[in-house]
Every structure is written in C-alpha cells, then in structure tokens.
Amino acid sequence: MLMNLFKFKGGVKPPTNKTQSVGLPIARAPLPSRLVVPLHQSIGGTPRPVVQAGDHVLKGQLIGEADGWISAAVHAPTSGTVLAVEMQAQPHPSGLDALCVVIEPDGKEEWIPRATVDYKSLTPEEVRGRLQHAGVVGLGGAVFPTHGKLTASKTVPMDELVINGAECEPFITCDDLLMRERAEEVVRGIGIFRDLLQPKKVLIGIEDNKPEAAAAMRAAVTALGEDFTVVQVPTLYPAGGAKQLIRVLTGKEVPAAKRSTDLGVQCFNVATAYTAWRAIAHGEPVVSRLVTISGNVQEPRNYEVLIGTPMGELLKLAQPHPDTDGIVMGGPMMGFLVPNADVPVVKATNCLIAHSERLFPPKAAEMPCIRCGSCAEACPHELQPFELYWFSRAKNFGKTQEYAIFDCIECGCCSFVCPSRIPLVQYFRFAKSEIWARERDKNAADAAKARFEFKQLRDEREKAEKAEKLAKAAAAQAAKKAAEAAAAAAAPASGIAESAAPAPAPVDADADADKDAKRATIEAAMARAKAQREAVQPKNTEAVTIEQQRAMDEIESRRVVLAPAAQEPAGPTGKKAE
Amino acid sequence: MFAPAPYLLKDISVSQVMTQVCIALIPGIAAYAWLIGPAILAQLVIATLAALLAEAAMLRVQRKPLAMFLADGSAIVTAWLIALTFPPLAPWWLVVTGTVFAIVVAKHLYGGLGQNPFNPAMVAFAICIVAFPALMSQWPVVGLQQGLIEQINIIFGFSPRLDALSSATPLDALKTSLKLGEGTVDVARLLANQDIFGNFAGRGWEWVAAGYLLGGLWLLQRRLITWHVPVAFIGALALISGALWLYNPAQFASPLFHLFSGGAMIGAFFIATDPVSGCTTPRGKLIFGAGAGLLAYIIRVFGGYPDGVAFAVLLMNLSAPLIDLLTQPPIFGMKDKA
C-alpha cells in the first residue's frame, strides 16, 4: 500500500550503531543475586508498598499498589523473600534515592496464578483497570501509565492510532528484536488498543533501517487478519519521538500545550502493546522488559531482564571491555550516565551502553556561539536554540518562555550539531528547572500572602465585632443612664445639687497632693542623678602636671591678647606665639 | 565523568567551519593572483599575520585561552576578506591598520568571537576608505607587466608608487565617465574599452568574481551557508540593475556587469552570510540579503563611493537584530496561529 508520508523539519543523522546488537536472538538474563524494585516507575503517583521485610512473594505478586488514576502498580519480578523496603539509589540523572522493595530470589520462579482471558469479554473499564493493576506503562522511555491514554476524546473523533516502532536512537535495538521475534503478540496488543480507542486507521511506524522487523510485523498483521498499516519511515533522528512520528505518519503537529487526543491521534510504543497483551490475555504483570546492552562491550545483545536487576550485574553478561568507566541508560542522544552500577533496571530502561572515552571522547572546550544557525536547522520543533541559549545564559527566563522553551523535547539535536560544542540541552534543562522552581516559590509566596491577608481580614473583622459589641454595650448603658436620669428628673432638683456639688472637691485635692508628691520624688531623683554624674564624669583638667597647667595658662593669656586684636592681621602674632 | 547527553557529536568545530570558508575563497584568490597580480598573495600574508598578532594581543589582555581562540580561524577569515577587498597594491601599513582595527575594535572591543554586531572586515574597509580615500581607490591596471617582487616592493614602499600603475576600478571608471560626459557617452561605448572592461564586467575582475561564485556554491553544497542570503542579495541586485538597465541602457550597466563587478559575489557568498553580524531566521536572511544587494547598488550608482557592498552590509548589520525579532518563524505545531 502506498502512503503519503510527511516530513518533520530538522533532525540529524548520527551513526546508528545498531548492527552490533542485532546479530543474536533475545536471551533471557539469569536471575540476579537480588532485585531492587523501585515503587515509583511511572509518571504520576508513587505506589504504596503492600509488603514488608520478611514476606515471601511470588513472581508477579503485587508489591506496590497504584495510589491514584495516573499511577501504575508494581510487582515482584520473581519469587523470593522481601529483604527490605528501603531507600535506594535510582537510575536517574539526579542520583536521588527512592523507596524500593529489595527481594532475594529463591530461584524457583514461582508465578502467581495466571488466568488466560479473552479480553473481548471484558468491558473497556475492566480492561483499563487490569492494565493499571498489571503495571503497564509506556516502555518507550516516558513510562506514562498506559490505561490513562486509552480513553478517546469525547469531542474529537479518533482518526489514527500510531504505533511507535521507529526506535530512532543509536545503539538501541530492543524494539527491533521484539518485533522480529514476537510480532504476533505485539499485533494482538495493538488490537486491544484499537478496540478501546476505535480509531479509523492504525499505523505502525518503523524506521527503514529495520526491514526485518517491518517484514515480521507485516506478516503478523496479515496472519491475524488485521487492517493495520506497517509504514517504513525514513531513518532520521528523532523520528521515534511521539510527536515526530505522528507528524510523519499523519501530518498532524501536536504542540506542547495540547494532548495528541485533542487532534484525534494517540501513540503507543510497540513494547507497550506487547506487555498490554501479556497482561490482559495471560494475566502477566510487567515484571521484565527487553534491554539492549551495547557500547564498549564484547558481545552486544538484547536480553529479557527482570525489573530490579542491578545494572552492573547485567552489563557483565555482555563482557564489557576493561576501560569501561560508566553506564549510560538509554541512547547516546538522550540517555544519561547512571550514578553507580548498583542501580536497578526499571521499566524505562531500554538500553545500557557501556561508556568509555574511546567510544565517547570527552567533549572539546566550549567556544562562544557564532550564531551559525545549525541548531535551528536541526531542531525538530523548529525552535531557535541559539536564542534560547542566549536567554538561558543571561537568566532571562521570561524571554526563554517567549521563545517557547517548554516546546523543547530535549532530543539533543542542537547539541549534536553545534560547532562551538555548547551543551545547549543542559542550558535548556537549567532554564526549565529554574522556571519551575520560581513558579513553586511564587505559589508558596502567594499562599503565604493569602494566609496573611486572611489573618488580617479576620483580625479586622474580630476588632469590628468587638467594637460593635462595645458600642452596643455602651448604647445599652447610655440608654440605662438616660432612663435613670429620666427617672431622677422626676425627683426634686435640689436633691441632685446637694449630692453632686461636694463630691468633686475631695477628688481634686487628692489629685493635687498626689501630683506634688510625684514631682518632688522626680526632682529628688534628678538631683541625685546629677550629683552622681558629676562625681563620675572625668575632668581632664583635674590631674594636670605643672607644665601642662603652665601651657594652658599661657594659651589662655594669648587668647585674651588675641581677642581685642582680632581685627589686626593675625599673622605675626601667631608666629610670635610659637 | 558526568558529562551530559548527547554523547555522540557531529564531527564539526568552529575552526573546521572557518577553514572551509577559507578553502572556498581559494578559486577566487587563484583567479585574482593569475589575472590581477600576485601581490594579493603578499597582502593575504600581511593581513593574516597582522590579524593573528592583534588577536593574540587582545586575547592576552582579556586572559582568554590563546591557543583555543587563535585556532578557531575566525581572525584569518577576517584577514582574508580585508586583503581581498583592499586594493592589491595598497601600502602594507594600510592593510595592517585596517586589519588591526577590525580585530581590536570591531571584534574584541565588542566582546570577541560571536559578539561583534558589525562585520569586522567591512568595518576595516569603511574606516580606511573614509580615512585614506586616495590610497583605497588606487587599483592596478589589469595586465600589469610586473612580477611578484616588484609588486611587493611597491607594497612596502621600496619602489615609487607610479600613477601610471593605478587606475579606477571598472565600477568607478564607468560611474565617473558617465557623470563627466553626461548625455554624450553611453554605457555600450564605454564598455567597448577592452583595457578596462572584459567580456561582461571588469577585465580580469569578472573571473575573480566567478571564482568567488564557485567557492560560494561549494559552501552552499557543504551546507555551511544557506541559500537565503546569496539568492536574496543577487536577486535584489539583479532586479534593480535590470530594471534601470531596461529603462535606460545607455545610462545604466547591465545586471551581469553589476553582479560580476566589485564586491558583489564575495559580498553575496562570504560577507553578507557572516552569521554573527547577520540575520539568522530564514525570512530575516532574505530581508538582510535583499537589503544589502539593494543598498550596494544604490551606493554604487548614485552614491559617493565606487562600491557599496561594505556600507550596505554595515547598514544591514545595524538592522539585523530588529529584523530577527520581527521574523521569528512559527514553531512546530503553532503554524496555523502564526
């Protein structure tokens, strides 16, 4: 079938380095000595642990329960004993720790009971629930919980379901091997997505450097009698970015501020479709995934790896060369060096690359930007990276937002082509995190301000209420007095004069006496203080020597002489005095 | 150790970019040395040395790493453009003055590599033609019967600067003749003078310009420059010269003459395409190139200077930031809104 393909602007062609790891079929990685399963393995909430140290778990048993709609459950990758639920280092650029369930395998690989189900007997709600409880998340690397993407927009008709088998990052071949070896299950998984979303078309995009995978997928689609279209897209990084693949296959451009369903299109990775099928039809939660091990190793290969396997242990299978000095998780364009070799494989781990200086030479020194525009030509989102760089560097974050920094997908094309070797993506990450931090600070400050203003409001209200109360009481008092006065007015006037006139006099006299006494006390105190001060204050003329006294006298006498002669020229007199 | 992604980098550096620009100038230089005179080779050496020394001194003053910045090649590109736009028999000190001014003032006083708002080579040309108009308009008679040594002697002042050696550029000759003999001479008759004018532009110079064109096309093919600036520059120059030529062919030279005279070709491919001082958005580059082409023609034909490329480029440099600001392209997914 001939299909009209669209182009996205920009993109780069790094050496693909894929042939090394496709020579051998997928191998099953042996059970590691222990498994460290992080509870937070998807975008969204952090699952709550439901096991504790000492518990015995079966393979596929729930160990972390989803804590919200955008959250996915986590399961024991094998049977064994829970050693601990504790904080452990994570495969994340930050190197921060997170809560993990540590399991010691018992070697039996004892599964929980699994039921084979025909998913067509389930309601869509049940299917989504099962995907969530099986921990199915986007395995392309973004790990967004899959069930959350399986509801079509109510207002926009679902036109296309795009299945991402592009795999554009160099070195990574796990999706390629998955499609070659397990195409049928991938296609069945796509069938589930299709049934839930009811799109008009299903398009499976595969980069044209994977003809075997495309052929296997075509064969599977035909064998299963589906009407999915397998499309070979040009090999151009980042064609495997969801937005780029959607653009290439449908011509639609999903801006940063919109979700793809708003444009009637949804996108899933092939590996996600595979795990969805295993989860729904076979009751198998996501406890393993395919990982490419490549780079500075003797035997690059794809392995089926249990989630939680320490990376260092896994890397040994491919026999890294002795000069290996680190592990990159993900591809060379967007991956990162993991903080240490003990961090575990997680659902987002599609590739481990043994790092060495021979493979990835250290970067040359950063030169000034010469505005050559290569970055803008390479940017698949058609941004102006050199402008963003300029404003990020100047910490002019408002301008970076004007130049759409949040549309940057951090694909690394700009850094790749920069002749000045400027790590542009790092500048953009910095700017984004600063903007977020400021946003948080601003929100916190706004909340504090709101609290303060509310407190002020409350204080004022209380004051007003109090004043009102007092006023009421005073009014009542006045009314009472008025009533009394009215009552008294009825009595003879002389009576009032007699009783009122003498009363003030004693009061005044008392006050005067009081004041006099106080004044006297104060005066006495002041006098005392003065005496004390005079006694204490040093007088520098008191202890002068005879010579000093003589000099002083002389000066005094001169002053006396000078005083009348003030009108005369003072010069000679002054000199004489010396 | 914690180097950030991407770990793979394209094999390209600033010095490689600059080196390729120099390589692209070689066909033009070869034609220049062959047809106009080998003195240009001496001028290239003089300008290069002056530029490197000035660059080194300025880097020293600013305590910037010497080796790294000297190796970037940007000073050499500036030096070569200065040597190629100055008269080939100009005294050595004139070239040195221009080059030092370009590097010290136009480049480093504005912050160095990547920061200069004006094209340093064109600043040098403008300063020198304003300060030393006579020396800057002494162009050699084509077909000079002198060897390299004799030409070098003239450059260094060991031989007398004979008036008979120099003449105006073809552009200047045409303009002056047309102005002097207003109404009595026409372009066709003037161009028939084969001592100055060749087949389609200045004698000899037309082939130098063709050499620059060749190098420029190579730069395009290498994707070191985009098509926008050269096409807009040449297009605008051809359009306005073509229109006036059609209007009065006796008074205005043909587009072909203008495209292959003076600094048109080197300007279109090597000077107006300078990314640091030019525009960077695609539409901005079109405006920049067209503006430079248009201004170059106006200054050439109606202005007081024989060639207008330097002033045209400098004027467009002035407006580049605003043009860039106003021509931001819409980004991915936002095209319908823009």
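Residues numbered from 1 in each chain as written. Chains lettered and ligands numbered in written order. Predicted model: local features only at pLDDT ≥ 70, side-chain atom pairs only at ≥ 80, totals over all residues. Heavy atoms only, no water.

Undergrad: What should I look at first to understand the overall build of chain B in this one?
TA: The helix and strand tally for chain B stands at 16 helices and 2 strands. Overall, chain B is about 75 × 55 × 30 Å in size when its C-alpha atoms are taken along their principal axes. Across the 338 residues of chain B, 54% fall into the buried class. Taking the intrachain contacts of chain B between residues at least 6 apart in sequence as the baseline, contacts between residues at least 24 apart amount to 76%. Carbon and sulfur atoms form 70% of the exposed surface of chain B, whose accessible area is close to 14,400 Å². Within chain B, one finds 17 positive and 14 negative side-chain charges whose respective centroids are separated by 10 Å. (Helix = DSSP H or I, 4+ residues; strand = E, 2+ residues; numbered from the N terminus. Buried < 20%, exposed > 50% of the residue type's maximum accessible area, 1.4 Å probe, protein only. Contact = heavy atoms within 4.5 Å. Areas by Shrake-Rupley, 256 points an atom, 1.4 Å probe, with all protein chains shown as cover. Lys, Arg positive; Asp, Glu negative; His and termini not counted. Charge placed at Lys NZ, Arg CZ, Asp CG, Glu CD.)

Undergrad: Looking at this structure, I do not really get the packing of aromatic side chains. What am I missing?
TA: Each aromatic ring pair is summarised here by two numbers: the centre-to-centre distance and the angle between the ring planes. Enumeration according to the criterion identifies 16 aromatic pairs over all chains in this entry. Residues Trp92(B) and Phe156(B) carry aromatic rings whose centres are separated by 6.2 Å and whose planes lie at 25° to one another, so their mutual orientation is stacked. Taken together, the residues span a long stretch of sequence, with Trp92(B) in helix 5 (residues 92-107) and Phe156(B) in the loop between helix 8 (148-155) and strand 2 (166-167) at a distance of 64 residues. What makes Trp92(B) partly exposed here is its relative accessible area of 35%. By way of ring pairs, the aromatic residues Phe171(A), Phe360(A) and Tyr7(B) are connected into one cluster. Seen from the ring of Phe268(A), Lys149(A) lies directly overhead, with NZ or CZ sitting 4.6 Å from the centre. Between the NZ or CZ atom of Lys64(B) and the centre of the ring of Phe69(B), over which it lies, the distance is 5.7 Å. (Phe/Tyr/Trp six-rings, centres within 6.5 Å; stacked < 30°, edge-to-face > 60°. Lys NZ or Arg CZ within 6 Å of the ring centre and 35° of its normal.)

Undergrad: I tried to follow the interface of chain B and chain A on my own but got confused; where do I start?
TA: One widely used convention gives an interface's size as the accessible area the parts lose upon coming together. If you look at the interface, chain B gives 39 residues, while chain A gives 52 residues. Both sides together, the interface formed by chain B and chain A hides about 3,900 Å², and carbon and sulfur atoms give 64% of it. Ranking the residues of chain B by area buried against chain A places Tyr7(B), Leu8(B) and Phe332(B) at the top, with a combined share of 24%. Where chain B touches chain A, the interface holds 2 salt bridges. In this structure, the salt-bridge partner of Arg223(B) is Glu377(A), at a minimum N-O distance of 3.3 Å. The tally of links from chain B across to chain A stands at 12 residue pairs in polar contact (both at pLDDT 80 or more). Mapped onto the side of chain B that touches chain A, the elements with two or more residues apiece are helix 1 (14-35), helix 3 (66-70) and helix 16 (309-326) of chain B. Looking at the side of chain B that touches chain A, the element that brings in the most residues is helix 1 of chain B, giving 3 residues. (Buried area = accessible area lost by both parts, 1.4 Å probe. Salt bridge = Lys/Arg side-chain N within 4 Å of Asp/Glu carboxyl O. Polar contact = N/O pair within 3.5 Å; in protein donor to acceptor, adjacent residues only side chain to side chain.)

Undergrad: Please clarify how the environment of Ala376(A) should be interpreted in this entry.
TA: On the secondary structure map, Ala376(A) appears in helix 7 (residues 374-378). In this structure, the C-alpha to C-alpha distance between Ala376(A) and Glu387(A), residues 11 residues apart in sequence, is 9.3 Å.

Undergrad: Even after reading the chapter, I still don't get unusual backbone geometry, so can you show me in this structure?
TA: Most of the time, phi is negative for any residue but glycine, and the peptide bond is trans. Looking along the chain, the bond that leaves Tyr237(A) and enters Pro238(A) is cis, with omega of 0°. Tracing the backbone shows Pro238(A) in the loop between strand 11 (229-233) and helix 4 (242-250). Here the amide bond leading from Ala5(B) into Pro6(B) is cis, since omega sits at -5°, within 30 degrees of zero. Of note, Pro6(B) is situated in the segment before helix 1. Residue Glu167(A) is not a glycine yet carries a positive backbone phi of 45°. Assignment of secondary structure puts Glu167(A) in the loop between strand 9 (160-164) and helix 2 (174-197). Exposure remark for Glu167(A): the relative accessible area of 8% places this residue in the buried category. Positive phi, close to 55°, is recorded for Glu410(A), a residue that is not glycine. Mapped onto the fold, Glu410(A) is located in the loop between helix 9 (397-402) and helix 10 (413-417).

Undergrad: I would appreciate a short explanation of the environment of Phe69(B) in the present structure.
TA: Mapped onto the elements, Phe69(B) comes out in helix 3. Measuring from C-alpha to C-alpha, the distance between Phe69(B) and Val14(B) comes to 9.7 Å, with 55 residues separating the pair along the chain. Here Phe69(B) is in contact with Met367(A), Pro368(A), Glu55(B), Leu59(B), Lys64(B) and Leu113(B), once residues within four sequence places are set aside.

Undergrad: Help me out: how do you make sense of the confidence of the model for chain B in this one?
TA: Parts of the model with low pLDDT should not have their predicted coordinates read in detail. Averaged over all residues, the pLDDT of chain B equals 89, while 93% of them reach at least 70. As a predicted assembly, this complex carries a pTM of 0.81 together with an ipTM value of 0.89. (pLDDT = per-residue confidence, 0-100.)

Undergrad: Before we go on, may I ask you to explain the sheet that holds strand 8 (residues 97-105) of chain A in this structure?
TA: Residue and element names in this part refer to chain A. On the basis of which strands lie adjacent, the open sheet formed by 4 strands has the order 2-8-7-4 and antiparallel pairing. Among the strands making up the open sheet, the edge pair consists of strand 2 (35-38) and strand 4 (56-57). Sheet analysis places strand 7 (residues 80-89) next to strand 8, joined by 9 bridges and oriented antiparallel. Counted as the bridge partner of Val-85 is Val-101 from strand 8. (Pairing = 2+ DSSP bridges.)

Undergrad: Sorry if this is basic, but what is going on with the nonpolar core here?
TA: Considering soluble globular proteins, one finds that nonpolar side chains tend to be buried as a cluster. Judged by nonpolar contacts, the single largest core of 103 residues is most densely connected at Leu25(B), Tyr32(B), Leu84(B), Phe86(B), Tyr212(B) and Phe270(B). Setting aside residues no more than four positions away along its own chain, Phe270(B) makes contact with Val21(B), Ala24(B), Leu25(B), Leu81(B), Tyr212(B), Gly215(B), Gly216(B), Leu219(B) and Met265(B). (Core = buried A, V, L, I, M, F, W, Y, C linked by side-chain atoms within 4.5 Å.)

Undergrad: It is not clear to me how the pattern of salt bridges should be interpreted in this structure. Could you clarify?
TA: Residues and elements named next belong to chain A. Inspection of every chain in the model, using the stated rule, returns 32 salt bridges over all chains. Note that Lys-200 and Asp-159 form a salt bridge whose closest N and O atoms lie 2.6 Å from each other. In this pair, Lys-200 sits in the loop between helix 2 and strand 10 (201-207) while Asp-159 sits in the loop between helix 1 (124-133) and strand 9, placing the two residues 41 residues apart along the sequence. What you see here is one network of salt bridges that share partners, running through Arg-114, Glu-185, Arg-278 and Glu-284.

Undergrad: What should I look at first to understand the packing of helix 2 (residues 39-62) of chain B against helix 8 of chain B in this one?
TA: Residue and element names in this part refer to chain B. In contact at an axis separation of 8 Å, helix 2 and helix 8 are set at 50° when each is read in the N-to-C sense. As summarised for this structure, helix 2 and helix 8 are arranged oblique, according to the angle between their axes. The element helix 2 and its partner helix 8 pack so that their crossing is right-handed. Counting all contacts with helix 2, which are made through Ala-39, Ala-42, Gln-43 and Ile-46, the residues of helix 8 involved are Leu-148, Gln-151, Ile-152 and Ile-155. The residue makeup of the contact of helix 2 with helix 8, split by class, is 6 nonpolar, 2 polar and no charged. (Axes fitted to C-alpha atoms, helices over the stretch in contact; angles between N-to-C directions. Parallel < 35°, antiparallel > 145°, perpendicular 65-115°, else oblique. Left-handed = near helix turned anticlockwise from the far one by under 90°. Nonpolar A, V, L, I, M, F, W, Y, C, P; charged D, E, K, R; others polar.)

Undergrad: Hey, could you run me through a nonpolar patch on the surface in this one?
TA: A cluster of nonpolar side chains, namely Trp92(B), Trp93(B), Phe156(B) and Phe158(B), defines an oily patch on the protein surface of about 430 Å² accessible area. Mapped onto the secondary structure, Trp93(B) falls in helix 5. (Patch = residues over 30% accessible without salt bridge, like charges linked within 9 Å, V, L, I, M, F, W, Y side chains within 5 Å.)

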